[in-house]
Amino acid sequence: MEIIDGNAIAASIIAELKEKVAARPAGTEPPCIAFIRVGDDPASVSYVNKKNKTAAEIGMATRLTLLPEDVSEDKLNAAIDELNADPAVHGILIQAPLPRHLDEVRAFRRIAPEKDVDGLGTMNLGKIAQDDDSGFVCCTPAGIMELLRRSGVTLSGKHVVVVGRSLLVGKPVALLALQKREHANATVTVCHSRTADLAAITRQADVLIAAIGIPEFIKADMVKPGAVVIDVGINRVADPTRKRGYRLVGDVDFPAVSPLASKITPVPGGVGPMTVAMLMRNTFKAWERVGR
Ligand code: NAP
């Protein structure tokens, strides 16, 4: 069994970007990413801090718009519109989840497609379905594909089973694996909460991608020996032995499944850091496009 080291792969992508940003012509502005965070959900605070810190490490400029938990849709729209119109901003990320009274998809759609570096707007998601790589591929699915490619996993002709059909992860990663192009060409099955006899399907997977949001949901009897297992889940479970009172676990029962798998991603240190690296790569691409 091989552990796919997302930290190491992400670090090399970030190092490449840092070099490229440092090598820009003298006197030109670096890429700039703007974050919009609504409320103080602890996971969102931590994700935005991490993304902000990584952007700064690369030498990118950052903006942070903080809006109160009860912000109106009009005010959120105004904040998005302002960043859309600002030529100094190259990429915009709205940290999900938004509070329930706000429509997340409507907010994602409002970001100008050329600044939609999170890739969750209609134009960029649609391009994935069209096998068109001129847009921005949403970050977690892009990170999963990059991890597989850099770990030497060939998808062509393989059965990829995705558990989860969210807009953020399950659906787009299924479309990416299905694309008619190199490093894809998989046969894809997408499962969800209404799937009958889930284990019978997951056991057929050559590559199993778990994006469910339930701690350690995928057990050993759901996995074919030799499968590649990608664990997207990030779940906080109470752990009084830890200083912060919790630990992070994935959607896969790692101790039970890892001896069976040929390759597996850990949590933390698997898909998570790749999501951040792909966001940075998309922001760099947005900046290159506008010619600085
Ligand atoms: P989500 O929007 O809640 O979607 C979860 C999916 O799992 C849904 O499609 C749901 O089915 C399915 N599901 C729930 N219970 C199931 C069951 N018993 N059997 C089969 N399918 C079931 O979650 P998400 O945004 O995709 O996130 C999934 C996990 O990945 C979370 O732990 C999240 O924190 C993590 N995540 C990690 C990253 C990263 O960077 N590593 C990024 C994003 C998310 P229905 O559609 O039928 O409800």
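Asker: For this particular structure, what's the right way to read the overall build of the chain?
Answerer: The number of helices and strands found in the chain is ten helices and eleven strands. Dimensions of the chain along its principal axes, counting C-alpha atoms only, are 55 × 40 × 35 Å. Looking at the chain residue by residue over its 292 residues, the buried ones come to 49%. Long-range contacts, defined here as pairs at least 24 residues apart, represent 70% of the contacts in the chain between residues at least 6 apart. Counting only carbon and sulfur atoms, one obtains 53% of the accessible surface of the chain, whose full area is about 13,600 Å². The chain carries 36 positive and 34 negative side-chain charges, and their two centres are separated by 2 Å.

Asker: Help me out: how do you make sense of the nonpolar core in this one?
Answerer: A general feature of soluble globular proteins is that nonpolar side chains tend to end up buried together. I36, L76, I144, L155, I209 and I230 are the most contacted members of the largest nonpolar core, which has 71 residues in total. Here this core takes ten residues from helix α10 (residues 271-289), the largest share from any one element. C191, A205, V252 and A261 belong to the second-largest nonpolar core, a separate cluster that totals 17 residues.

Asker: Mind showing me how you'd approach the sheet that holds strand β7 (residues 207-210) here?
Answerer: Paired through backbone hydrogen bonds, the strands of a sheet run either parallel or antiparallel to each other. Pairing is parallel in the open sheet, where six strands are placed in the order β1-β11-β8-β7-β5-β6. A strand with exactly one partner marks an edge of an open sheet, and here the two such strands are β1 (2-3) and β6 (187-191). Of the pairings in the sheet, the one linking β7 to strand β8 (residues 228-231) comprises four bridges and is parallel in character. Its bridge partner being in β8, V207 is matched across the sheet by V228.

Asker: I tried to follow the layout of surface pockets on my own but got confused; where do I start?
Answerer: Its volume calculated, the second largest pocket comes out at about 500 Å³. Lining the second largest pocket are 21 residues, and of these V137, M145, E146, R181 and R281 lie nearest its centre. Put simply, the parts of the chain that give the lining of the second largest pocket at least two residues each are α5 (122-129), α6 (139-150) and α10. Among the elements that line the lining of the second largest pocket, the one with the most residues is α6, at five residues. For the lining of the second largest pocket, the per-class residue count stands at eight nonpolar, four polar and nine charged.

Criteria and thresholds
Residue positions within a chain follow its written sequence, with the count starting from 1. Local features in this predicted model are restricted to residues of pLDDT 70 or higher, and side-chain atom pairs are both shown and tallied only at a pLDDT of 80 or more, whereas totals for entire chains, interfaces and linings draw on every residue. Side-chain measures were taken over the full set of non-hydrogen atoms in the model, leaving aside hydrogen atoms and water. Here a helix means four or more residues in a row that DSSP labels H or I, a strand means two or more in a row labelled E, and each is numbered from the N terminus. We call a residue buried when its accessible area falls under 20% of the maximum for its residue type, exposed when it is over 50%, and partly exposed in between, using a 1.4 Å probe and counting protein chains only. In this description, contact between two residues means that some pair of their heavy atoms is separated by no more than 4.5 Å. Residue exposure ignores everything except the shown protein chains as possible cover, and the areas themselves are Shrake-Rupley values with a 1.4 Å probe. By the counting rule applied here, Lys and Arg register as positive and Asp and Glu as negative, while His and the ends of each chain are not counted. By convention, the charge on Lys lies at NZ, on Arg at CZ, on Asp at CG and on Glu at CD. What we call a nonpolar core is a set of buried Ala, Val, Leu, Ile, Met, Phe, Trp, Tyr and Cys residues that are connected through their side-chain atoms within 4.5 Å. When DSSP finds at least two bridges between two strands, those strands are taken to pair. Using only the protein atoms, space was sampled on a 1 Å grid; points where a 1.4 Å probe fits but cannot get out form cavities, open sets with protein on both sides within 12 Å along at least five of seven lines form pockets, and lining residues are those with an atom within 4 Å of a point. Grid points are joined across faces, edges and corners, and a volume is the space filled by probe spheres set on the points. Gly is placed with the polar residues, together with every amino acid not listed as nonpolar (Ala, Val, Leu, Ile, Met, Phe, Trp, Tyr, Cys and Pro) or charged (Asp, Glu, Lys and Arg).

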